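# Geometric and topological summary
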2 protein chains.
Amino acid sequence: MEAVVKKQYQIDFGAVLSEVHVFAPATVANMICGFDILGFAVDYPGDEVQMFRVPEPGVRIRSIKGDEGRLPVDPERNTVSACVKMLLAHLGIENEIGVEIDLIKHMPIGSGLGSSSASTVAGLFAINSLLGNPLTKAELLPFCVEGERLACGHGHADNVAPALMGGITLVRGYDPLDVIKLPVPEELYAGIVFPKVDVPTRDARQLIKEKVYLRDAVTQWGNIAGLVAGLYEKDYALISRSMHDVLIEPTRAILIPEFYAMKDIALQEGALSFGISGSGPSVVAISKGKEIAERAATAIQEHLTRSEIESFKYVSSVNIDGPKIINK
Amino acid sequence: MEAVVKKQYQIDFGAVLSEVHVFAPATVANMICGFDILGFAVDYPGDEVQMFRVPEPGVRIRSIKGDEGRLPVDPERNTVSACVKMLLAHLGIENEIGVEIDLIKHMPIGSGLGSSSASTVAGLFAINSLLGNPLTKAELLPFCVEGERLACGHGHADNVAPALMGGITLVRGYDPLDVIKLPVPEELYAGIVFPKVDVPTRDARQLIKEKVYLRDAVTQWGNIAGLVAGLYEKDYALISRSMHDVLIEPTRAILIPEFYAMKDIALQEGALSFGISGSGPSVVAISKGKEIAERAATAIQEHLTRSEIESFKYVSSVNIDGPKIINK
């Protein structure tokens, strides 16, 4: 964040907006084969932040909807308000600006869809918009990563990067943070199903072994390289051949009921690939065209219903732009 | 090789050439960060095969030059002739065609420059050309991989793929063999130095541990993905940031005298990256532009001379076409 610190920001307090309403998208981290480095945003679902300027300095959470009472409203403990405070402190204006936040969640917490990332990105994009965009998206990103650290205990960027930048992102490395936007073949769709079972990110991470066989790592990075090439070439067959995870899926799939049955169904319906979204339990059938994604997600959901597992279904193209101001 | 087996080849014996002279390029496997999956061909050095049709069926080695007497002339044990025999048997014409081979090696054996691959590819390209090209390059590739297995004990494709296909190649996977040609930014040059010390491929492989830390593997595949993206974007800064090897280099560098001194020199001279070519001991300064590659290689060689280590130096752009017929 050295580059950010060195820059001097000029805030025109007269031009600060009185109100802003922001949507930030859910994200599918890992994109099957790219554990901890790849991810993409979807058009739907996503979280909303309504932010209001108030005379009294400070950051407060006014309301949270859609969280089933699970998120803290204490502005120090809520990651959205904590990140907004961090940004205001960074700009040196935490005693000069007051905001109140309504957080509206449209996706389940702990679903593997980057729920905390969407909220954090919405909050930071909102405060930046309210202030007249003093920071670029690239400059906002480290604050989003800090938000992820507050929410999950790890400063990963594989959800916040696509949530903020939009599209498909590669987190090449962290020292310094290096995020690259990859091309998005326009027929790429995600058929996402969230089985309502609880798989906390922390547990899903703890299952993963510290060491892996080099031969498996070589298989994995061959696939990752193939996927990146496939995205540039818009070669759906190559994308499909490449989206296999030999390292993480075998372990994490244990936590997800009916995983291999769902995989069979998705591939039978013609999906390019099927796997876990982030740390799960959401699963994703990445498909060429909306129709196949829809068919795969529907068939998976029907299977879960037969297995008496409640689920949500989302079908979306890749979101290109990331967060956006919602016009009312 | 199933697809190859199913195809019926028609050999027009009347059109078989009486003689062909082929050059096949040396290759830099791994391309710093892509262990076992990436590699590129260079214009120089390379090996030559002169192949003559003779009346008596069978494959014979007539002469070998430049090998310091290290390669077998027994056609069953020499990998060039053994591969040529394999291809003729595959075509079902091993009792109908006779050839004699002159092998001219222009690079040291055990140098880490794909010496055996260049010879194998030259031999197979020669017999295919002599026969009127019944096989495509893609169909020839599995035979080249078999040649590598004969020569090194492992059927790796990271040298034979670029030697045969030219350019920068990605071996996405082996089951089935899946090779993708990556774009070649035109200013990419290799400054190669071969320190005359003996590092057999087998020993270099045995040093590598069977298991690696997942966190290191993630760093590695972030870099691999970054390199592939950088090649497509022609983004030399991204290419440079990505070409780091945290997994294999620390172990293999032990076998190469003055490795870290050479690395410092190459980076000081402005190389994009520096690392081991294949399993070494050759090292490569991958550079933007011929001038920097030349300067880096020269400075490295001067350092080795001061350290009383004899060396060869090669400076080349990336070879685009792979093997070629030499006109005399």
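The structure this text deals with has already been given above.
The following refers to the structure shown. Here the structure is a predicted model, which is why all the values come from computation and not from measurement. (Residues numbered from 1 in each chain as written. Chains lettered and ligands numbered in written order. Predicted model: local features only at pLDDT ≥ 70, side-chain atom pairs only at ≥ 80, totals over all residues. Heavy atoms only, no water.)

### Focus on the relation of the copies chain A and chain B
Least-squares fitting of chain A to chain B yields an RMSD of 0.0 Å, with the superposition described by an axial translation of 0.0 Å and a rotation of 180 degrees. Taken together, the rotation angle and the small translation identify this as a two-fold axis. Interface residue correspondence from chain A to chain B reaches 100%, placing this contact among same-surface, isologous pairings. (Least-squares fit on C-alpha atoms with pLDDT ≥ 70 in both. Contact = heavy atoms within 4.5 Å.)

### Focus: the interface of chain A and chain B
The interface is formed by 35 residues belonging to chain A together with 36 residues belonging to chain B. Across the chain A/chain B interface, buried area totals approximately 3,000 Å², and carbon plus sulfur atoms make up 70% of it. On the chain A side of the interface with chain B, the three residues burying the most area are Arg 172, Leu 214 and Trp 221 of chain A, jointly 25% of the side's total. The interface formed by chain A and chain B holds 2 salt bridges in total. In this structure, Arg 241 of chain B engages Asp 178 of chain A in a salt bridge whose closest nitrogen and oxygen atoms are separated by 2.6 Å. Counting the contacts that link chain A with chain B gives 13 residue pairs in polar contact (both at pLDDT 80 or more). Of all the secondary structure elements, the ones that give two or more residues to the side of chain A that touches chain B are β5 (168-174), β6 (177-182), β8 (211-213), α7 (214-233) and α8 (236-242) of chain A. Of the residues in the side of chain A that touches chain B, the class split is 20 nonpolar, 6 polar and 9 charged. Relative to strand β8 (residues 211-213) of chain B, β8 of chain A is paired through 3 bridges, and the arrangement is antiparallel. The partner of Val 212 of chain A across the bridge, within β8 of chain B, is Val 212 of chain B. (Buried area = accessible area lost by both parts, 1.4 Å probe. Salt bridge = Lys/Arg side-chain N within 4 Å of Asp/Glu carboxyl O. Polar contact = N/O pair within 3.5 Å; in protein donor to acceptor, adjacent residues only side chain to side chain. Helix = DSSP H or I, 4+ residues; strand = E, 2+ residues; numbered from the N terminus. Nonpolar A, V, L, I, M, F, W, Y, C, P; charged D, E, K, R; others polar. Pairing = 2+ DSSP bridges.)

### Some details on the pairing of strand β1 (residues 19-29) of chain B
Residues and elements named next belong to chain B. Counting buried positions along β1 yields 10 of 11 residues, so the element is predominantly enclosed. Of the strand pairs in this sheet, β1 and strand β12 (residues 324-325) are connected by 2 bridges, and their pairing is antiparallel. When the bridges of β12 are listed, Val 22 appears paired with Ile 325. (Buried < 20%, exposed > 50% of the residue type's maximum accessible area, 1.4 Å probe, protein only.)

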